[in-house]
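Summary of the model geometry
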Amino acid sequence: MEPRLTLADCLRHHLRLTGTHVGCEHGVCGACTVIVDGAAVRSCLMLAVQAEGAEVVTVEGLSNDADLTPLQKSFRRHHALQCGFCTPGMITTAHALLSEEPDCDAARVREVLSGNLCRCTGYIPIVEAVLDARAAYQPKGRDRSGDRA
Amino acid sequence: MKLPPFDYACPTTLPEAVQLLATSNGDAKAIAGGQSLVPMLAFRLAQPSLLVDLRKLPDLRGIRISAKGVTLGAMVRWRDIEDDERLDTAHPLLKAAIAHVAHYQVRNRGTVGGSLAHADPAAEMPGIAMTCDAEIAVVGKSGAHVIQAADFFQGALTTALTPDEIIVEIRLPAWPAGRRWGFEEFARRRGDFAMAAAAVFYDQDANGKAHNAHVGVIGVADRPLRLPAVEDVLNGRAIDATIIAKAEAAASAAVDPQDDIHASAAYRRALVGTLVERALKRAAA
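Definitions and limits used
Residues numbered from 1 in each chain as written. Chains lettered and ligands numbered in written order. Predicted model: local features only at pLDDT ≥ 70, side-chain atom pairs only at ≥ 80, totals over all residues. Heavy atoms only, no water. Helix = DSSP H or I, 4+ residues; strand = E, 2+ residues; numbered from the N terminus. Rg over C-alpha atoms; globule rule 2.2 N^0.38 Å. Buried < 20%, exposed > 50% of the residue type's maximum accessible area, 1.4 Å probe, protein only. Contact = heavy atoms within 4.5 Å. Areas by Shrake-Rupley, 256 points an atom, 1.4 Å probe, with all protein chains shown as cover. Lys, Arg positive; Asp, Glu negative; His and termini not counted. Charge placed at Lys NZ, Arg CZ, Asp CG, Glu CD. 1 Å grid on protein atoms, 1.4 Å probe; cavity = no way out; pocket = protein on both sides within 12 Å on 5 of 7 lines; lining within 4 Å. Points joined across faces, edges and corners; volume = space filled by probe spheres on them. Nonpolar A, V, L, I, M, F, W, Y, C, P; charged D, E, K, R; others polar. Buried area = accessible area lost by both parts, 1.4 Å probe. Salt bridge = Lys/Arg side-chain N within 4 Å of Asp/Glu carboxyl O. Pairing = 2+ DSSP bridges. Axes fitted to C-alpha atoms, helices over the stretch in contact; angles between N-to-C directions.

**Remarks on the overall build of chain A**
Along chain A, the regular secondary structure elements total 5 helices and 3 strands. Beginning at the N terminus, the succession of helices and strands in chain A can be written as α-β-β-β-α-α-α-α. Taking 149 residues into account, the globule formula puts the C-alpha radius of gyration at 15 Å, and chain A, at 15 Å, falls close to it. Along the first, second and third principal axes, the C-alpha atoms of chain A reach 50 × 35 × 30 Å. By residue count, 54% of the 149 residues in chain A fall in the buried class. In chain A, once contacts between residues fewer than 6 apart in sequence are set aside, the share between residues at least 24 apart is 57%. When the accessible surface of chain A is split by element, carbon and sulfur atoms take 51% of a total near 6,800 Å².

Right, dumping it as structure tokens:
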């Protein structure tokens, strides 16, 4: 593997995992966000060789063949996408956030998603979708699905 | 926007890393988190023949807190500072400034050493280094030495580092419990580079007079600046509304920003005054 190959291009061209989208290729748009050893990172700003030994989860790895995940269903329910180009990055970013901070409020969701560009939705439905999906990330026995921050 | 070709090495010891950098005729680059260097490669503003990855080097990832102060290893990430609750009291100014660095994903990779070596004039970490009289410990082919922050930053993206040198850690002097401080930044979007920011702190004597005032700004010159003229306004005075107004005016007068695509010089000059004012109000509150 060439050292200059980014993790994003490695995923798309070598592993044919085209769920990870490539927008700006210089760390501005967030479309290429993947989860490396549990942390959301921009795969265009990481060399594939730097992922040696790491666990990399792409948007493909967040769903299963049978059904959409609760976060994905929430995106559908809230119309949180139009063209869909930014969606893989939104899903991976939101998944990392909710996994770490299942009680995050609207201000925190907005702050985190400010690193992901969407030119269709105006973000409001995306923020609502993420907030609504918090219940699925709660430790067992807690359900905050009715909460609105 | 594909990266230019380069060779890649991932040494496991610091001497090995220095050796790799030293034998590449100044054409090699160290890579830490890569959050500034990879965009530079993408734009081909940097075209090194060799990248020396620091990720396997031991002992560069620690945050040490002692009576002497706070030491951050070069590979400490923004995320590590954000998550370290000891820093809430050990260095609240650092913690407040780092809260403004970049966006969520970048914070998981970007490092202290990388930011110092990149030396963006609008970056928070160099600003804190300047404001707090930090020492930057480096190692190169001639051995280890320490560079004062005031000598380290020499211009936009330009530092005192020689091509064979690697930053090991940055040392921030101890932070007394009663110290007054404030950090204010303005960016169009949280996490973007600062249009300008101001960091201030001072200590107070028994009569409530300020001494040891430090005022630093970023985003208004080719490097982070201390503003001694503003510090002179504060030292020996009780920090009240009159003094804060004087400091605001002194801050605007002390900087000489350039027009650029983001803001006019006049706007930035006014902004610096306002940010110093706000930071002082927070410090005095």
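And the narrative resumes.
**A few points about the overall build of chain B**
A count of helical and extended segments in chain B gives 12 helices and 14 strands. Here the C-alpha atoms of chain B give a radius of gyration of 19 Å, agreeing with the 19 Å that 2.2 N^0.38 yields for 285 residues. Along the first, second and third principal axes, the C-alpha set of chain B runs to 60 × 45 × 35 Å. Looking at the 285 residues of chain B, the share that counts as buried comes to 55%. Placing the 31 positive and 33 negative side-chain charges of chain B at their respective mean positions leaves the two points 3 Å apart.

**Quick look at the side chain of B:S115**
Residue and element names in this part refer to chain B. By the secondary structure assignment, S115 is in helix α7 (residues 112–118). For S115, a relative accessible area of 11% puts it in the buried group. Leave out the neighbours within four places in its chain, and S115 touches W78, D120, A123, M125 and P126.

**A short note on unusual backbone geometry**
The phi dihedral of A:D37 falls on the positive side, at around 50°, and the residue is not glycine. A positive phi angle, close to 60°, is found at B:A119, a residue other than glycine. Judged by its relative accessible area of 3%, B:A119 falls in the buried class.

**Observations regarding the layout of surface pockets**
Taken as a whole, the second largest pocket holds about 380 Å³ of empty space. Around the second largest pocket sit 19 residues that line it, and A:V36, A:D37, A:M46, B:R61 and B:R109 are the ones nearest its centre. Counted by class, the lining of the second largest pocket contains 7 nonpolar, 5 polar and 7 charged residues.

**Some remarks on the interface of chain A and chain B**
Taken together, the 31 residues of chain A in the interface contact 31 residues of chain B. Both sides of the chain A and chain B interface together cover about 2,600 Å² of buried area, and 52% of this is carbon and sulfur. On the chain A side of the contact with chain B, A:R4, A:L45 and A:Q50 bury the most area, a combined 25% of that side's loss. Our count for the contact surface shared by chain A and chain B stands at 6 salt bridges.

**Structural notes on the pairing of strand β7 (residues 143–148) of chain B**
Residues and elements named next belong to chain B. As paired strands, strand β6 (residues 135–140) and β7 are joined by 6 bridges and run antiparallel to one another. Paired with A137 across the two strands is V146, which belongs to β7. Adjacent in sequence and paired antiparallel, β6 and β7 are bridged by 2 residues.

**Re the sheet that holds strand β11 (residues 180–186) of chain B**
Residues and elements named next belong to chain B. Spatially, the 4 strands line up as an open sheet ordered β11-β12-β13-β14, and their pairing is antiparallel. Looking at strand neighbours, the two that pair on one side only are β11 and β14 (225–226), the edges of this open sheet. Two elements, β11 and strand β12 (residues 196–204), share 7 bridges in a ladder whose sense is antiparallel. The residue bridging R180 from the neighbouring strand is Y202, located in β12. Sitting on the sheet, helix α12 (residues 265–284) is in contact with β11, β12 and β13 (210–218), with an inclination near 145° to β11.

No statement about biological role is implied by the geometric values presented.
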